[in-house]
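A look at the structure
The chain contents come next:
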Amino acid sequence: MKVHGKPMRTLWVETDGHSVGIIDQTRLPHAFATLRLTTLDEAAHAIRSMQVRGAPLIGATAAYGVCLALRADASDGALERACALLQATRPTAVNLRWALDEMRRALRPLPPSERVAAAYRRAAALCDEDVAINRSIGEHGLGLIRSAWERKGRQGRVNVLTHCNAGWLATVDWGTALAPLYLAHEQGIPVHVWVDETRPRNQGASLTAWELGQHGVPHTVIADNVGGHLMQHGEVDLCIVGTDRTTARGDVANKIGTYLKALAARDNGVPFYVALPSPTIDWTLEDGVRDIPIEQRDGRELTDISGRLPSGEVVTVRVTPEASPVANYGFDVTPARLVTALVTERGVCAASTEGLLSLFPERRPARETGT
Ligand SMILES: CSC[C@@H](O)[C@@H](O)C(=O)COP(=O)(O)O
């Protein structure tokens, strides 16, 4: 996608051939700054501190974290230690585990002397796959937006509500939930996006609003609790969000607050779509509410808020009483029954075991034999 009119991805290998460039997302929207990762610890820090975030981008960064680790030590032990360190950075997004498994699978059979070059090749391929998958999600999701536009008799605009950031900043490129919106915009369908601010870290207000703005997609930032009101007044034609982990039966973990939007959508007859690349499906789990680990993060994300002063200085201020305890849950789970459909790179399906297996039939024997 484009930044200041220039195409770019969210991570890249620098011209030295081994350091990894990222956009420091903690600085957006007030500053656009890039960072150079040169060690495993820097890659792990980038994921943990959310300089990079979003399920697919976390996976891609972890893959390059393995490359950086192997440059220092390409032994079996070092490979396992790097994967364990990276795996522990963030618990909810399953793409992290998927990417590390892919790296291990490609590298373990090789002699240490061949591992570094092979690791960079595999990481680059994972990134290219992510881009192709997201583009394809965009094309399948575009059909849903076009249908909404037709239902409105091609009058006015298609109002779409999204939560958190599932755009190109959350992936290597294109995004998941936002990919259909970029394509619709490109094709002249008048889309307008209601952007939930997404407390506590404000991924909607700072990241989704910024990237939509870079592409000229009309949008309006709203406080997290506004969506229900808009739906009651016919101001939302459809909701589309991303996911950090989707179970085999279609339960969906996503940024905290997603579940409440799905409830409001159901109450108001608004379609609620979830866009996901297949590496986000955790085929080992069924009941997402019971079994998906929900990240709890530092309470300071909730007690403090950052913003820019008129002088341009970015400051952080406290918003809660010093003595009040806080709880900072990062994600919640929306049960499949509240999801109108899942949008994957292979097409749109019901949020159910049968729906997912209809698009991923190769999973059927494995599930039926329990392997
Ligand atoms: C394509 S990204 C899907 C999800 O990762 C996204 O919606 C989300 O919840 C991101 O959470 P974050 O905590 O910012 O990593």
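As shown above, the structure is provided for reference.
Let us look at the structure shown here. Please read these numbers as outputs of a predicted model, since none were measured by experiment. (Residues numbered from 1 in each chain as written. Predicted model: local features only at pLDDT ≥ 70, side-chain atom pairs only at ≥ 80, totals over all residues. Heavy atoms only, no water.)

**Things to note about the overall build of the chain**
The secondary structure content of the chain amounts to 13 helices and 18 strands. Taking 371 residues into account, the globule formula puts the C-alpha radius of gyration at 21 Å, and the chain, at 20 Å, falls close to it. Each principal axis of the C-alpha atoms in the chain carries an extent, and together these give about 60 × 60 × 45 Å. When the 371 residues of the chain are sorted by exposure, 55% land in the buried category. For the chain, the share of sequence-separated contacts (at least 6 apart) that also reach a separation of at least 24 residues comes to 73%. Looking at the chain, you have 40 positive and 42 negative side-chain charges, and the mean spots of the two groups are 1 Å apart. (Helix = DSSP H or I, 4+ residues; strand = E, 2+ residues; numbered from the N terminus. Rg over C-alpha atoms; globule rule 2.2 N^0.38 Å. Buried < 20%, exposed > 50% of the residue type's maximum accessible area, 1.4 Å probe, protein only. Contact = heavy atoms within 4.5 Å. Lys, Arg positive; Asp, Glu negative; His and termini not counted. Charge placed at Lys NZ, Arg CZ, Asp CG, Glu CD.)

**Re the site of the ligand**
Close to the ligand lie 19 residues, the nearest being Arg53, Arg90, Gln203, Asn254 and Lys255. Between Arg90 and the ligand, the recorded distance is 2.8 Å, taken from a side-chain N or O atom to an oxygen atom. About the coverage of the ligand: the protein hides 100% of its 410 Å² of free accessible area. Listed by contribution, the elements that provide at least two residues to the shell around the ligand are helix H2 (55-72) and strand S11 (252-255). Class assignment for the residues of the shell around the ligand results in 7 nonpolar, 8 polar and 4 charged. (Near = heavy atom within 4 Å. Polar contact = N/O pair within 3.5 Å; in protein donor to acceptor, adjacent residues only side chain to side chain. Areas by Shrake-Rupley, 256 points an atom, 1.4 Å probe, with all protein chains shown as cover. Nonpolar A, V, L, I, M, F, W, Y, C, P; charged D, E, K, R; others polar.)

**Digging into the nonpolar core**
With 79 residues, the main nonpolar core has Leu11, Val66, Met103 and Val158 as its most contacted residues. Sorting elements by how many residues they give to this core places helix H5 (residues 112-151) first, with 14 residues. For Val66, the contacting residues outside a window of four places in its chain are Leu79, Cys83, Leu86, Leu100, Met103 and Leu107. Within the second largest apolar cluster, 29 residues are counted, among which are Ile222, Cys239, Ala336 and Ala351. (Core = buried A, V, L, I, M, F, W, Y, C linked by side-chain atoms within 4.5 Å.)

**Here we look at the sheet that holds strand S16 (residues 331-334)**
The strand order across the open sheet formed by 4 strands is S13-S10-S11-S16, and the pairing between neighbours is mixed. Edge positions in the sheet fall to strand S13 (281-282) and S16, since each of these pairs with one other strand and no more. The sheet contact formed by strand S10 (residues 245-247) and S11 spans 2 bridges and is antiparallel. Looking across to S11, one finds that Arg245 is bridged to Ala253. (Pairing = 2+ DSSP bridges.)

**Things to note about the packing of aromatic side chains**
Here the structure, examined in full by the defined rule, presents 4 aromatic pairs. Relative to Tyr120, the ring of Tyr64 lies with its centre 6.1 Å away and its plane at 55°, an arrangement referred to as tilted. Of the two residues, Tyr64 is situated in helix H2 and Tyr120 in helix H5; the sequence distance between them amounts to 56 residues. Comparing Tyr64 with Tyr120 shows no difference in burial state: the two are buried. Seen from their ring centres, Trp283 and Phe360 are 5.9 Å apart, and the 65° between their planes marks the pair as edge-to-face. With Trp283 in the loop between S13 and helix H10 (288-291) and Phe360 in the loop between helix H12 (353-359) and helix H13 (363-369), this residue pair connects regions lying 77 residues apart in the sequence. (Phe/Tyr/Trp six-rings, centres within 6.5 Å; stacked < 30°, edge-to-face > 60°.)

**Description of unusual backbone geometry**
Apart from glycine, the bulk of residues carry a negative phi angle, and the bulk of peptide bonds sit in the trans form. Residue Pro29 is bonded to the preceding Leu28 through a cis peptide linkage, with omega at 5°. Considering the arrangement of structural elements, one finds Pro29 in the loop between strand S4 (20-23) and strand S5 (34-37). In this model, His4 sits at a positive phi of 50°, which is unusual for a non-glycine residue. Structurally, His4 can be placed in the loop between strand S1 (2-3) and strand S2 (6-7).

**Topic: the environment of Asn159**
Here Asn159 is to be found in strand S6 (residues 158-162). With a relative accessible area of 5%, Asn159 lands in the buried category. Distance in space between the C-alpha atoms of Asn159 and Pro190 is 8.8 Å, their sequence separation being 31 residues. When sequence neighbours within four positions are dropped, the list of residues in contact with Asn159 reads Lys152, His192, Trp194, Glu235, Val236, Asp237 and Leu238. For Asn159, the side chain forms a polar contact with the side chain of His192, separated by 2.9 Å.

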